[in-house]
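# Examination of the molecular architecture
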Amino acid sequence: MDKREIDRLLPEMVEWRRHLHRHPEPSYQEKETSAFVAAKLESFGIEVKRSKAGYGLTGVIKGSRPGKTVVLRADMDALHITEESGSEYASQNPGIMHACGHDGHTAMLLGAAAYYSARREGLQGELRFLFQPAEEICPGGAKDMIAEGVLEGADAVYGLHLWTPLPVGTVGSAPGPLMASADEFFIDITGKGGHGGMPHRTVDSIVAAAALVTQLQTIVSRSVDPLQPAVLSIGTIQGGTAQNIIAERCRITGTVRAFDEETRYAIRRRIEEMAAAVAAVYGAEAQVDYLMGYPPLVNDEAEFRRFFRVAPEALGDTAQVIQMEKIMPAEDFAYYVKEIPGCFIFVGAGNADKNAVYPHHHSKFDFDEDAMLHGATLLVALADSCLNE
Ligand code: NI
């Protein structure tokens, strides 16, 4: 790996990132972003394959010698947030902002593509630079790109997330589970409304809902292996119209998070069983709508070890490589690592000196752009390691 060449690419990555930051587009509407990426890839002489399902696209470099295939992935979408960073490159699209760093992900992957476009000769194997749309909103862009065959014949997939909770200079990941699944449920309880003074003629949906809320709290404590982290939270409960009327209907909504599919499906099954049983005890009926969000993101252990091996050498004294604790947010990179071995890595991007102190999805979010050097270096180091082994 030619580290100095990646260093030389940093000013361009910053320029691309700031352009994207000024012109953010929300999930499923990344039209101009996609056109910008395609034009850059084509200017590097890289073949571009456009997705039919959305604004996703893939740049393909085939080396002069046959070998493995490595997929490097970035996400391109922004969020519905009004930017308040006050930066000179702040969003020019009202109400839309790159508040998660996906502009940086896109710029880093373009940096890696630029790097390899000059190294086709002597390259062994194939590289796919995958720019996906719609990471922020379910069902997400990854599923469609996979269905279109972007992973076909591929040996490994790598993805990064800039991360301001980690200081710039720290990069980290974890073997196995790294990020949670995020599902949502909606339970409608139907009883029989009536006069508040004559409850014996009614079926009170609020009493049934109250009992169910309490019972649902026993799922994580009684039905889930205590060594497996899981969350079940009720977010809303709504029912009734007046203080002297028995409510015919009551609605409960909530979210479920887990780090393995067994726990995730077990919780879903218990919610459905419990809702039906508890409602029935009170003479009511429960209808459960369960929306499966992104699955847990589980890194391949050998690919995590590759990251842990190659990162310290690739980044040298500029960075510290750590094994992270799992975190509860979800990511649709999870779908790629369900299909083929891969690793998702957090690249520290927080820096108080540069006002990069706000959490992701905050209206004043920004990251230290020097982190893009670490990110692009990591992408190249991982791809080199896999292709040349
Ligand atoms: Ni994100």
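Residues numbered from 1 in each chain as written. Predicted model: local features only at pLDDT ≥ 70, side-chain atom pairs only at ≥ 80, totals over all residues. Heavy atoms only, no water.

### A word on unusual backbone geometry
A negative phi angle is the norm for most residues apart from glycine, just as the trans form is the norm for most peptide bonds. This is how the line gets drawn: Only DSSP runs of H or I covering at least 4 residues are called helices, and only runs of E covering at least 2 are called strands; the numbering of each starts at the N terminus. Any residue under 20% of the maximum accessible area for its type is buried, any over 50% is exposed, and the rest in between are partly exposed; the area is computed with a 1.4 Å probe on protein chains only.
In the segment running from Cys138 into Pro139, the intervening peptide bond is cis, with an omega of 5°. Among the secondary structure elements, Pro139 is positioned in the loop between β4 (124-132) and α4 (142-147). With a phi close to 50°, Ala134 is a non-glycine residue in the positive phi region. The exposure class of Ala134 is buried, given its relative accessible area of 0%. We note that Asn355 has phi near 65°; this positive angle belongs to a residue other than glycine. For Asn355, the position within the fold is in the loop between β16 (342-350) and α9 (371-388).

### Considerations on the coordination of the nickel ion
Note the threshold: Coordinating donors are taken as N, O and S atoms within 2.8 Å of the metal, stretched to 3.2 Å for Na, K and Ca; because water is absent from the atoms, sites can appear incomplete.
For the nickel ion, the full set of protein donor atoms is Cys100 (SG), His102 (NE2) and His161 (NE2), at a range of 2.2 to 2.3 Å. On the primary sequence, the residues serving as donors to the nickel ion are separated as C-x1-H-x58-H. For Cys100, a relative accessible area of 7% corresponds to the buried category. Owing to a relative accessible area of 0%, His102 belongs among the buried residues under this scheme.

### Section: the domain arrangement of the chain
Much of the literature gives interface size as the accessible area that the parts lose upon coming together. Cut-off, in case you're wondering: Reported domain spans reflect what an automatic or database domain assignment gives. Whether two residues touch is decided by their heavy atoms; if any such pair falls within 4.5 Å, the residues are in contact. Take the accessible area each of two parts loses on contact, using a 1.4 Å probe, and add the two losses: that sum is the buried area. When a carboxyl oxygen of Asp or Glu lies within 4 Å of a side-chain nitrogen of Lys or Arg, that pair is called a salt bridge. What qualifies as a polar contact is a pair of N or O atoms within 3.5 Å, subject to a donor-acceptor requirement within protein and to the restriction that residues adjacent in sequence count only when both atoms come from side chains. Note on residue classes: Ala, Val, Leu, Ile, Met, Phe, Trp, Tyr, Cys and Pro are nonpolar, Asp, Glu, Lys and Arg are charged, and everything else, Gly too, is polar.
According to the domain assignment, the chain contains domain 1 (3-178 + 296-388) and domain 2 (182-294). Taken together, the contact pairs 20 residues of domain 1 with 11 residues of domain 2. Across the interface of domain 1 and domain 2, roughly 1,100 Å² is buried in total on both sides, 71% from carbon and sulfur atoms. Put simply, Glu261 and Lys338 hold a salt bridge, and the shortest N to O gap is 2.8 Å. Seen at the junction of domain 1 and domain 2, the total is 4 residue pairs in polar contact (both at pLDDT 80 or more). Within the residue set of the side of domain 1 that touches domain 2, elements represented by two or more residues are β7 (176-179) and α8 (334-339). Residue composition of the side of domain 1 that touches domain 2, by class: 13 nonpolar, 1 polar and 6 charged.

### Description of the packing of helix α5 (residues 205-223) against helix α6 (residues 261-281)
Operational definition: A fitted line through C-alpha atoms represents every axis, and for helices the fit uses only the stretch in contact; the resulting angles, taken between N-to-C directions, go from 0 to 180 degrees. Roughly parallel covers angles under 35 degrees, roughly antiparallel covers those over 145, roughly perpendicular covers 65 to 115, and oblique covers all other angles. Take the far helix as the reference: if the near one is turned anticlockwise from it by less than a right angle, the crossing is left-handed, and if turned clockwise, right-handed.
It is at 10 Å that the axes of α5 and α6 come closest, and there the two elements cross at 150°. On the basis of the axis angle, α5 is roughly antiparallel to α6. Every pair of crossing elements has a handedness; the one defined by α5 and α6 is right-handed. Residue-level contacts link Ala208, Ala211, Leu212, Gln215, Leu216, Thr218, Ile219 and Ser223 of α5 to Ile267, Arg270, Ile271, Met274, Ala275 and Val278 of α6.

### A closer look at the environment of Leu162
As for its position among the elements, Leu162 is in strand β5 (residues 156-167). With 212 residues separating them along the chain, Leu162 and His374 place their C-alpha atoms 9.8 Å apart. Beyond its immediate chain neighbours, meaning those up to four positions away, Leu162 contacts Cys100, Gly101, Gly104, His105, Met108, Val347, Ala349, His360, Phe367 and Ala371.

### Digging into helix α3 (residues 102-117)
Filter applied, for reference: Given a helix with a known number of residues, its expected span is that number minus one, times 1.5 Å.
The end-to-end C-alpha distance of α3, which contains 16 residues, comes to 22 Å, matching closely the 22 Å that a straight helix rising 1.5 Å per residue would cover. The buried count for α3 comes to 16 of 16 residues, which makes it a mostly enclosed element.

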